[in-house]
Amino acid sequence: MFQLRNIPWRRSVQQMSLRRTIEGLGPYPSLFLLALPTATVEPLKLVAVAVAGKGHWITGTAMIVACYAFSLLVVERLFVVVKPKLLMIPWFAKLWKGFVSVRTRVLNILASWIGLCHDPKPSASSSRPKRAGPPAAPLFDPRSARR
């Protein structure tokens, strides 16, 4: 007799079923589902800092690492799954649009500070050929160096 538990990919089938169940939730149940682990993990980070402050450095550090790992591995993946439903809530969509706008501006400013930003759209003035100007002065002129 064929049994489902003998199939090696059974776990991935269960994960896909859970994902489909979560995707089937409405906007507000999705928000509640995302709020539960977030509301649990964030206060634990503060508790971990308090534990480290009492002198238990290893325990506090381990708690902080575990909390950040949980946030990264569980809450982030859950947010990716429920984000389309959350964007159906008008106030959340407005907040998300504002957050993305601010994040993009800040990243562009930081990229221009460190020289990573190149203008992807050529301006009208850059389409005409540039005339060669006088040669730039060298930073170091070996003739002017004294021995």
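Residues numbered from 1 in each chain as written. Predicted model: local features only at pLDDT ≥ 70, side-chain atom pairs only at ≥ 80, totals over all residues. Heavy atoms only, no water.

Undergrad: Whenever I open this one, the packing of helix H2 (residues 27-53) against helix H3 (residues 57-86) confuses me. Can you help?
TA: Each pair of packed helices gets described by two things: the angle between the helix axes and the distance between those axes. Relative orientation of the contacting elements H2 and H3 amounts to 165°, with a least axis distance of 9 Å. Viewed along their axes, H2 and H3 adopt a mutual orientation that is roughly antiparallel. Of the two elements, H2 crosses H3, and the hand of that crossing is left-handed. The residue makeup of the contact of H2 with H3, split by class, is 23 nonpolar, five polar and three charged. (Axes fitted to C-alpha atoms, helices over the stretch in contact; angles between N-to-C directions. Helix = DSSP H or I, 4+ residues; strand = E, 2+ residues; numbered from the N terminus. Parallel < 35°, antiparallel > 145°, perpendicular 65-115°, else oblique. Left-handed = near helix turned anticlockwise from the far one by under 90°. Nonpolar A, V, L, I, M, F, W, Y, C, P; charged D, E, K, R; others polar.)

Undergrad: I would appreciate a short explanation of H3 in the present structure.
TA: The end-to-end C-alpha separation of H3 is 38 Å, well short of the 44 Å expected for 30 residues at 1.5 Å each. Within H3 the residues assigned to the buried category are Gly60, Cys67, Ser71, Val75, Leu78, Val81, Val82 and Leu86. (Expected span 1.5 Å × (residues − 1). Buried < 20%, exposed > 50% of the residue type's maximum accessible area, 1.4 Å probe, protein only.)

Undergrad: Explain the pattern of salt bridges to me, please; I cannot follow it from the model alone.
TA: Note that side chains of opposite charge can pair when their charged atoms are close. In the structure shown here, the tally under the stated rule is two salt bridges. For Arg19, the salt bridge is made with Glu23, and the minimal N-O distance between the two is 3.1 Å. With Arg19 and Glu23 both in helix H1 (residues 10-23), this residue pair falls four residues apart, about one helical turn. Given the relative accessible area of 35%, Glu23 is considered partly exposed. Close ionic contact of Glu42 with Lys45 constitutes a salt bridge, the shortest N to O distance being 3.2 Å. Placement of the pair is Glu42 and Lys45 together in helix H2, with a separation of three residues, close to one helical turn. The class of Glu42 is partly exposed, set by a relative accessible area of 38%. (Salt bridge = Lys/Arg side-chain N within 4 Å of Asp/Glu carboxyl O.)

Undergrad: Help me understand the nonpolar core, please; the structure alone is not making it clear to me.
TA: One broad trend across soluble globular proteins is that nonpolar side chains are buried collectively. Core analysis: the largest hydrophobic core is formed by nine residues, namely Ile22, Leu34, Val75, Leu78, Val81, Val82, Leu86, Ile89 and Phe92. When residues in this core are grouped by element, the largest group, five residues, is from H3. Beyond its immediate sequence surroundings of up to four residues, Leu34 is in contact with Val75, Leu78, Phe79, Val82 and Leu86. (Core = buried A, V, L, I, M, F, W, Y, C linked by side-chain atoms within 4.5 Å. Contact = heavy atoms within 4.5 Å.)

Undergrad: Explain the side chain of Lys45 here, please?
TA: Overall, the relative accessible area of 13% leaves Lys45 in the buried class. Those residues within four positions of Lys45 in sequence are excluded, and the remaining contacts are Cys67, Tyr68 and Ser71.

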